[in-house]
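# Understanding the architecture of this molecule
Residues per chain are reported as follows:
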Amino acid sequence: EAGVAQSPRYKIIEKRQSVAFWCNPISGHATLYWYQQILGQGPKLLIQFQNNGVVDDSQLPKDRFSAERLKGVDSTLKIQPAKLEDSAVYLCASSRRTGEDEQYFGPGTRLTVT
Amino acid sequence: LAKTTQPISMDSYEGQEVNITCSHNNIATNDYITWYQQFPSQGPRFIIQGYKTKVTNEVASLFIPADRKSSTLSLPRVSLSDTAVYYCLVGDGRGGYQKVTFGIGTKLQVIP
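Described below are features of the structure shown in this document. (Residues numbered from 1 in each chain as written. Chains lettered and ligands numbered in written order. Predicted model: local features only at pLDDT ≥ 70, side-chain atom pairs only at ≥ 80, totals over all residues. Heavy atoms only, no water.)

### Things to note about the sheet that holds strand β8 (residues 75-79) of chain A
Residues and elements named next belong to chain A. Under the convention used in this document: Think of it this way: DSSP has to see at least two bridges between two strands before they count as a pair. Under the DSSP-based scheme used, a helix requires at least four consecutive residues in state H or I and a strand at least two consecutive residues in state E, with every element numbered from the N terminus. Axes, fitted as lines to C-alpha atoms, cover a helix only where it is in contact. Angles between the N-to-C directions of the axes lie from 0 to 180 degrees.
In spatial order, the strands read β1-β3-β8-β7; together these four strands make up an open sheet with antiparallel pairing. Bordering the open sheet on either side are β1 (5-7) and β7 (65-68), each of which pairs with just one other strand. Along the sheet, successive strands turn relative to each other by an average axial angle of 15°, direction set aside.

### Remarks on the sheet that holds strand β7 (residues 70-75) of chain B
Residues and elements named next belong to chain B. The four strands are arranged β2-β7-β6-β5 in an open sheet whose pairing can be described as antiparallel. Among the strands making up the open sheet, the edge pair consists of β2 (18-23) and β5 (53-56). Within the sheet, the average angular offset between the axes of one strand and its neighbour, ignoring direction, is 15°. Direction of pairing for β2 relative to β7: antiparallel, over a ladder of six bridges. When the sheet's bridge partners are listed, N19 is paired in β7 with S74.

### What to know about the environment of L108 of chain B
Relative to the assigned elements, L108 of chain B resides in strand β9 (residues 106-111). The sequence separation of L108 of chain B and D82 of chain B amounts to 26 residues, and the corresponding C-alpha distance is 7.6 Å.

### Overview of the environment of T53 of chain B
Residue and element names in this part refer to chain B. Cut-off, in case you're wondering: The contact rule is simple, with two residues in contact once any of their heavy atoms fall within 4.5 Å.
Looking at where T53 falls in the secondary structure, it is placed in strand β5. Each C-alpha atom of the pair T53 and Y13 lies 28 Å from the other, and the pair is 40 residues apart in sequence. Those residues within four positions of T53 in sequence are excluded, and the remaining contacts are L62, F63 and I64.

### A short note on the pairing of strand β4 (residues 45-50) of chain B
All names here are of chain B. We apply this condition: Here the term buried applies to any residue with accessible area under 20% of the maximum for its type, exposed to any over 50%, and partly exposed to those in between, with areas from a 1.4 Å probe on protein chains only.
Taken across its six residues, β4 has five buried, putting it largely inside the fold. Relative to β4, strand β3 (residues 31-38) is paired through five bridges, and the arrangement is antiparallel. Bridge pairing in β4 places Y36 opposite F46. The hairpin turn running from β3 into β4, its antiparallel successor, is six residues long, and S41 in that turn takes a positive phi close to 65°.

### Re the state of the cysteines
Every disulfide links exactly two cysteines, by a covalent bond between their sulfur atoms. The cut-off we apply is this: Throughout, a disulfide means two cysteine sulfur atoms within 2.5 Å of one another.
Counted by the stated rule, this structure contains two disulfides over all chains. Residue pairing for C23 of chain A: its cysteine sulfur links by disulfide to C92 of chain A, the two sulfurs lying 1.9 Å apart. Judged by the sign of its S-S torsion, about -70°, the cystine formed by C23 of chain A and C92 of chain A is left-handed. In this pair, C23 of chain A sits in strand β3 (residues 19-24) while C92 of chain A sits in strand β9 (residues 88-95), placing the two residues 69 residues apart along the sequence. When its relative accessible area of 0% is taken as the criterion, C23 of chain A is described as buried. Put simply, C22 of chain B and C88 of chain B are joined by a disulfide, and their sulfur atoms are 2.2 Å apart. For the disulfide bridge between C22 of chain B and C88 of chain B, the dihedral angle about the S-S bond is near -80°, and by the sign convention the bridge is left-handed. Residue C22 of chain B is located in strand β2, and its partner C88 of chain B is located in strand β8 (residues 84-92); the two are separated by 66 residues in the primary sequence. Assigned by exposure class, C22 of chain B and C88 of chain B land together as buried.

If you want it as structure tokens, here you go:
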């Protein structure tokens, strides 16, 4: 079974620029998560999709971050404009359903904002 | 959301059993307890999940007392490759959607 795919793996941009991350979850997984992990901290949930609907985006900075999951499969996370404090690893995860199902994480995208 | 508390770091020698305890005093009736492991430059990886009593798999054991206010992850005979950060999560496992929060985790350093 193929794992969660993410791209790019690394990205360096200047502040105020835009950036987009892509995630392809495990086939058949209904739930998709985007996390932000700042160095030395645990992952912080930004947004959770159930199929193509949002079930939780309470910690997503909506003035600059946006995410979509078209057709309930792939997802993109965008930052526009980026700030220095957005430097972090962005992790995508998926699970079969919601509830107690384990989450499968991708390798992450390391973003550096200069 | 039930908040979790776990030690920030632990050291252990190779071959020893390591027990990491997580406190979750406000755990709700429907909450499951899940542990993840994270190596540097990788995403977290599911280790084990339980609701009550004891759960064991090929990697670890999870001990949950009757009051469920804490849980202990047990790693038998650790090796250098077990050096990682371990996260304890508590979340609603039934109905609705599961909302879990990762804390800082416990950084386990295995010493040769």
